[in-house]
Amino acid sequence: MRIAYICCDPGIPVFGTKGASVHIQEVVRELRAAGHEVVLYALRSGEHVPADLADLELHLETVSDVAPAEREQAQVRAAQRIASRVIADGADLVYERYSLFSTALADITAATGVPGVLEVNAPLIDEQRRHRSLVDASGAEQVLRRQVGAARVTVCVSDPVAEWVRRRIADMPDAEAVADRIHTVPNGVSVRRIQPQPADPDRVVVTFVGTLKPWHGVADLITAASLARQQWSLRIIGDGPEMETLRAQAERLGVEADFRGAVSPEEIPAHMAGSAIGVAPYPDLGGREQQYFSPMKVLEYLAAGLAVVASDVGQIPQLLEEGSQLHGVLVTPSDPTALAAALDDLAASPPRRAQRSSAGRGAPLLAAGRHPDPGAGRRGSGGWAVMGSLPRRHGRSRMRHSPMRQTLRLVGPDAAPQWRLMAGGTVVLLAEVVFRVLEPWPLKIAIDSLVAALGRHTGSSPATVSSLVGLGVALLVIVAGRAVCNYLATVAFALVGSRTAASLRSRAFHHVQGLSQQFHARNRSADTVQ
């Protein structure tokens, strides 16, 4: 089947280095491996296109970096354009990664009737309020409710995220039925991409992989390194807004940290080579509701055969526990002393590291080599049911529309802002019709009056000079009114056409500019817009 994967989050480059980018790529890989045709629609491309996804069809819309209020409205318009594009292109299923101001899934499913899957990775409304700026909070709430209400299945990466979504839709008229379609499916990892590699025989390397942001706790990790009593080296793979602050902290504390910077997903295994311990030092963010993430880095450490030291928060205990066996070491969050002690303990004991790493690699969660099956008894056990029950693609079954409908849906987002001109043009066009209907009547009345003046019975009063002058003036007013209305209607619709065409040309230009180099290498001629 043909699946439209949509990501309207301007903060996520689909071919970037952050965890969200990796997640998108892995989901696309799994869908393609299952025999489906996937078309990706997004706002940002990124520069790290993996070789196995170089042939992926990608359509980009752009959102300018402007003031928050304008940026939010720009996201709304970009999502509308993507929805129009998907409707015009055709799809058998829509899979959208939830973003603050996109109703693409809802618009597409309402227009076409195809099923939609909504993936919710975080309580974005709360995140945006807390860490950035949210102007149209009410609009963001309405977007979430509409998207969840339209989705055949809503897949959340953790129970706290699923509970957050349920609270947000609790007052919807059909809230109970909608809530039944919300499932928890934790993140997974590809054990084809991440493979175990030998540890450095001369030193113990402790590795962190992830974006350098405050909620990843790297500052606590550097502090722990300064408190270490055993010899181990610190490697930090990733980039982010905290990079310079963390470098300065390491220099101030005398910690020799190996900062690798941003690394593409396919290069992660090479940069992890030689590591012995993987660390996830998440801080205490203020209770269970704030620890809502499903950490991919912990699964990557397990897949790489590393011993894991992680904060005892969120889903991490469930990821590391298997019955009475623990595939890692849990430490108190925001406690560098406890973190240093746990790392020292593993650094000093190769047998203990080997035991933890071999047990972690055999964890059932990783056995499938793909995103995990949540298993029986979990709320996520039906989360992918809609995907698993859909048939594999045998030929093209995509939905078709008439050329006129496709054209209207394609230019709709560009024409919509001109609705005032269209409404005004329509009103004066109707007024012109009225004037055309009235135009013969003064002449008819004048002729009837003249005939009556000659003694013929016409039912009209005999003509007088004043009446004839009045009828002549009325005729002039009607003709002038018709001409003015005709002029105004012509100008109004000409402006609508020119402005719509200009917007469409601009959108097409930005779209072509945003296409990857791989796309242009494959398509050296012909139409690169469609």
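Residue positions are given per chain, counted from 1 along the sequence in the order it is written. Two thresholds apply to this predicted model, a pLDDT of at least 70 for residue-level local features and 80 or more for giving and counting side-chain atom pairs, whereas whole-chain, interface and lining totals are computed over all residues. Where side-chain values are given, they derive from all heavy atoms of the structure, hydrogens and water being excluded.

With that settled, consider the sheet that holds strand E1 (residues 2–7). Hydrogen bonds along the backbone pair up the strands of a sheet, which may run parallel or antiparallel. If you trace the seven strands from one edge of the open sheet to the other, you get E3-E2-E1-E4-E5-E6-E7, paired in parallel fashion. Since the sheet does not close on itself, it has two edges, and those belong to strand E3 (57–60) and strand E7 (182–184), each with one partner. Direction aside, the axes of adjacent strands within the sheet are offset by 20° on average. Pairing analysis gives four bridges linking strand E4 (residues 93–97) to strand E5 (residues 116–120), with the strands arranged parallel. Looking at the pairing, Arg97 lines up with Glu119 of E5. A strand pair is defined by DSSP finding two or more bridges across the two strands. Helix numbers and strand numbers start at the N terminus; a helix is a DSSP run of H or I with at least 4 residues, a strand a run of E with at least 2. Interaxial angle, 0 to 180 degrees, is taken between N-to-C directions of lines fitted to C-alpha atoms, where a helix line uses only the stretch in contact.

On the surface, Val433, Val434, Val437, Leu438, Trp441 and Ile445 cluster together to form a nonpolar patch covering roughly 540 Å² of accessible area. Of all the secondary structure elements, the ones that give two or more residues to the nonpolar patch are helix H18 (419–438) and helix H19 (440–453). Considering each element in turn, the nonpolar patch owes the most residues, four residues, to H18. Among the secondary structure elements, Ile445 is positioned in helix H19. Categorising residues by exposure relies on relative accessible area from a 1.4 Å probe, with only protein chains included: less than 20% of the type maximum marks a residue as buried, more than 50% marks it as exposed, and the intermediate range marks it as partly exposed. Of the residues examined, Ile445 reaches a relative accessible area of 39% and is grouped as partly exposed. Only residues whose relative accessible area exceeds 30% and that form no salt bridge enter a patch; like-charged residues are grouped when within 9 Å of one another, and nonpolar side chains (Val, Leu, Ile, Met, Phe, Trp, Tyr) when within 5 Å. Surface accessibility follows the Shrake-Rupley procedure with a 1.4 Å probe radius. Residue values consider only the protein chains on display as shielding. Note on definitions: salt bridges are taken to be side-chain nitrogens of Lys or Arg within 4 Å of carboxyl oxygens of Asp or Glu.

Time to look at the sheet that holds strand E10 (residues 257–261). The sheet built from six strands is open, its strands ordered E10-E9-E8-E11-E12-E15 with parallel pairing. Edge positions in the sheet fall to E10 and strand E15 (329–331), since each has one partner strand and no second. Along the sheet, successive strands turn relative to each other by an average axial angle of 20°, direction set aside. Two elements, strand E9 (residues 233–237) and E10, share four bridges in a ladder whose sense is parallel. Within E10, the position partnered with Arg235 by the bridge is Asp258.

Take the pattern of salt bridges next. All told, the structure shown has 22 salt bridges when counted by the stated rule. As a salt-bridge pair, Arg29 and Glu26 come within 3.7 Å of each other at their nearest N and O atoms. Placement of both Arg29 and Glu26 in helix H1 (residues 19–33) is noted, with a separation of three residues, approximately one turn of the helix. Side by side, Arg29 and Glu26 carry an identical accessibility label, which is buried. Linking Glu26 and Arg193 is a salt bridge whose minimum nitrogen-to-oxygen distance equals 2.8 Å. One end of the pair, Glu26, is in helix H1; the other, Arg193, is in the loop between E7 and strand E8 (205–209), and 167 residues separate them in sequence.

Another aspect to go through is unusual backbone geometry. Of note in the backbone geometry, Ser334 takes a positive phi value of approximately 60° without being a glycine. Following the sequence through the fold, Ser334 ends up in the loop between E15 and helix H13 (336–347). Judged by relative accessible area, which is 39%, Ser334 ranks as partly exposed.

This part takes up the environment of Ser102. Mapped onto the fold, Ser102 is located in the loop between E4 and helix H3 (104–112). In sequence terms Ser102 and Cys7 are 95 residues apart; their C-alpha atoms lie 8.8 Å from each other. If we ignore the near neighbours within four places in the chain, the residues touching Ser102 are Cys8, Ala79, Glu96, Val143 and Gln147. Whenever a nitrogen or oxygen atom comes within 3.5 Å of another N or O atom, the pair is scored as a polar contact, on the condition that within protein one atom can donate a hydrogen and the other can accept it, and that pairs from neighbouring residues in sequence are kept only if both atoms are in side chains. There is a polar contact of 3.2 Å between the side chain of Ser102 and the backbone nitrogen of Ala104. Note on contacts: a residue pair is in contact if any heavy atoms of the two residues lie within 4.5 Å.

Before going further, it helps to spend a moment on the nonpolar core. Residues belong to one nonpolar core when they are buried, are Ala, Val, Leu, Ile, Met, Phe, Trp, Tyr or Cys, and are joined through side-chain atoms within 4.5 Å. In this structure, Ile222, Leu234, Ile277 and Val309 are the most contacted members of the largest nonpolar core, which totals 54 residues. Ranked by residue count, the leading element in this core is H13, at six residues. Beyond its immediate chain neighbours, meaning those up to four positions away, Ile222 contacts Leu234, Ile236, Leu246, Gln249, Ala250, Leu253, Val255 and Phe259. Counting residues in each nonpolar core, the second largest holds 47 residues, with Ala78, Val86, Leu124 and Val161 among its members.

Okay, the state of the cysteines next. Here, the term disulfide refers to a pair of cysteine sulfur atoms separated by no more than 2.5 Å. For the coordinates displayed, the defined rule picks out zero disulfides. With no disulfide of its own, Cys8 lies 7.1 Å from the sulfur of Cys7, the closest cysteine sulfur.

Closest axis-to-axis distance for the helix H8 (residues 218–227)/helix H9 (residues 243–253) pair is 10 Å, and the angle between their directions is 15°. With respect to their mutual orientation, H8 and H9 come out roughly parallel. As for the relative orientation of H8 and H9, their crossing is right-handed in sense. Judged by residue contacts, Val218, Ala219, Ile222, Thr223 and Ser226 of H8 engage Leu246, Gln249, Ala250 and Leu253 from H9. When its residues are assigned to classes, the contact of H8 with H9 shows six nonpolar, three polar and no charged. Just so you know how the angles are binned, under 35 degrees is roughly parallel, over 145 roughly antiparallel, 65 to 115 roughly perpendicular, and the rest oblique. By convention, the crossing between two helices is left-handed when the near helix turns anticlockwise from the far helix through less than a right angle, and right-handed when the turn is clockwise. All amino acids are sorted into three groups, where Ala, Val, Leu, Ile, Met, Phe, Trp, Tyr, Cys and Pro are nonpolar, Asp, Glu, Lys and Arg are charged, and the leftover types, Gly among them, are polar.

Burial runs high along E1: six of the six residues are buried. Across the two faces of E1 the burial is the same, with Arg2, Ala4 and Ile6 and Ile3, Tyr5 and Cys7 all buried. In the sheet, E1 pairs with strand E2 (residues 37–42) via six bridges, with the strands oriented parallel. Of the residues in E2, the one forming a bridge with Cys7 is Ala42. Handedness rule for crossovers: strands pointing away from the viewer, path from the first strand over the helix to the second running clockwise, crossover right-handed. Running through H1, the crossover from E1 to the neighbouring parallel element E2 is right-handed. Where E1 meets E4, five bridges bridge the pair, whose relative direction is parallel. Within the sheet, the bridge partner assigned to Tyr5 lies in E4 and is Tyr95.

These figures capture arrangement, not role.
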